[in-house]
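Remarks on the overall topology
Here is how the chains run, residue by residue.
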Amino acid sequence: MSRDAFDPYKHLNLSINPDGSCTRNFEYPIVEPDPDPSPGKLTASKDVTINHETGVTVRIFRPTNLPSNDTTIARLPILIHLHGSGWVLYPANSPANNRGCTQMTSELTVIIVSVNYRLAPEHRLPTQYDDALEALLWVKRQAVDAANGEPWLRDYADFSRCYIFGSSNGANVAFQLALKSLDHDLTPLKIDGCVFYQPFYGGKTRTKAELKNFADPVMPVPAIDAMWELSLPKGVDRDHRYCNPIGYLPQKEKVGRLGRCLVIGYGGDTLVDHQQDFVNMLVTAGVRVEAKFDDAGFHGIELVDPRRAVALLNMIRDFIN
């Protein structure tokens, strides 16, 4: 299959408009938050607008069954959650992301702050990185101004145990967020680790996995190229550091200041070689990396295989506990 014989935009159900925006030719229900922590529900959720000019929101998830000792409720770790969207497809309030965050909140007993970052091509990179940083700094402000802070964070969150989690292109955003966090005094918020799940990276040179999986039904290479074309800043190619992790090697001193990281991937993922390059870049920079790659599996397998979803939760649980 060549790019010429394959319409990647049809595969993605997108139509590109003359002004550079796109029409998403698919419908999915927007999941509304459910702030009622009534008995029988595993979690409660609420939306908070953190920037009224851009409209960026976060969705906060918390367990309804809060752990406690005899006198006080135990405070819970915070996960800053960056969802997978292919840069251009799905907002954070999509059914798949809401379902995943609900399960993660309940099973791991954490508070999740899911960032509804703006999508490309209407908002190209680095917009998504900026939105993620704004969310992180907003969480810090809730810790600093506890009296006026978001009640769920004020009452239930352990600000000294904050983790950054990203899936697919959300893992790309999560890495940038971790780097940007080094430029800020987050006190009393403390980043205790990062989880990068199937990080979405690329490059101009085709890898073995890309050639092998060129016509993959889930992640065909022409569709991946199209997602980069729609999301990268205009005028740059796939060897830009936003896409190619090797581009961060000149910043390895800064990268080496990151805390411990968990990287998870699968051998059947079209992007697996780029994910391995990402791990190698982190190791070269001196980062404490735990890499878990399963030979079997493909991009987004946890969405269709409940056993893999449970395995993912177990890996995250082991990392944060």
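Residues numbered from 1 in each chain as written. Predicted model: local features only at pLDDT ≥ 70, side-chain atom pairs only at ≥ 80, totals over all residues. Heavy atoms only, no water.

Convention followed: UniProt positions are given in the numbering used here, feature names are shortened, and annotations may be inferred rather than shown by experiment.
The chain goes by Alpha/beta hydrolase fold-3 domain-containing protein in an unreviewed UniProt entry, where it is assigned to Eruca vesicaria subsp. sativa. Recorded in UniProt for the chain, the comment headed Sequence similarities (unreviewed entry) runs: "Belongs to the 'GDXG' lipolytic enzyme family."

Quick word on the pairing of strand β5 (residues 76-82)
Residues in a regular strand point their side chains to alternate faces of the sheet. For the record, the criterion: Note on exposure labels: buried denotes an accessible area under 20% of the residue type's maximum, exposed denotes more than 50%, and partly exposed covers the range between, all computed with a 1.4 Å probe on protein chains only. Helix and strand definitions here come from DSSP, where helices need a minimum of 4 consecutive H or I residues and strands a minimum of 2 consecutive E residues; each element is numbered from the N-terminal end. Pairing between two strands is assigned when DSSP locates at least 2 bridges connecting them.
Of all seven residues in β5, seven are buried; the element is thus mostly enclosed. By the bridge criterion, four bridges tie β5 to strand β6 (residues 111-116) in an arrangement that is parallel. For Ile80, the partnering residue across the bridge sits in β6 and is Val113.

Describing the packing of aromatic side chains
Put simply, the rule reads: Any pair of Phe, Tyr and Trp rings, taking the six-membered ring for Trp, is counted once the centres come within 6.5 Å. Such a pair is stacked with planes under 30 degrees apart, edge-to-face with planes over 60 apart, and tilted for the rest. Charge over a ring is defined by NZ of Lys or CZ of Arg lying within 6 Å of the ring centre and within 35 degrees of the ring normal.
All told, the structure shown has 13 aromatic pairs when counted by the stated rule. On the numbers, 4.9 Å between centres and 25° between planes, the contact of Tyr201 with Phe278 is stacked. In this pair, Tyr201 sits in the loop between β8 (191-197) and α6 (208-212) while Phe278 sits in helix α9 (residues 272-284), placing the two residues 77 residues apart along the sequence. Across this residue pair, the class does not change: Tyr201 and Phe278 are buried. One aromatic cluster is present, built from ring pairs that chain together Phe175, Phe196, Tyr201, Tyr248 and Phe278. One cation-aromatic arrangement involves Lys46 over Trp152; the distance from NZ or CZ to the ring centre is 4.4 Å. Cation over ring: Arg62 sits above Trp152, and NZ or CZ is 5.0 Å from the ring centre.

Re the pattern of salt bridges
Note the following rule: Salt bridges are defined as contacts in which a side-chain nitrogen from Lys or Arg sits within 4 Å of a carboxyl oxygen from Asp or Glu.
Under the counting rule described, the total for this entry stands at 15 salt bridges. For the salt bridge of Asp34 with Lys41, the shortest nitrogen-to-oxygen distance reads 3.0 Å. Owing to a relative accessible area of 27%, Lys41 belongs among the partly exposed residues under this scheme. Where Asp225 meets Arg238, a salt bridge forms, and the shortest distance between an N and an O atom there is 3.7 Å. Placement of Asp225 in helix α7 (residues 221-231) and of Arg238 in the loop between α7 and α8 (252-255) is noted, with a sequence separation of 13 residues between them.

Describing the sheet that holds strand β7 (residues 157-167)
Here is the rule we go by: The axes are straight lines fitted to the C-alpha atoms, using for helices just the contacting stretch, and the angles between their N-to-C directions are given from 0 to 180°. Note on definitions: a residue-residue contact is assigned when non-hydrogen atoms from the two residues lie within 4.5 Å.
In spatial order, the strands read β3-β4-β6-β5-β7-β8-β9-β10; together these eight strands make up an open sheet with mixed pairing. Here the strands that pair on one side only, and so sit at the sheet edges, are β3 (43-51) and β10 (289-294). Neighbour-to-neighbour, the strand axes of the sheet open up by a mean angle of 20°, direction not taken into account. In the packing of helix α5 (residues 169-181) onto the sheet, the strands contacted are β5, β7 and β8, and the crossing angle to β7 comes to about 135°.

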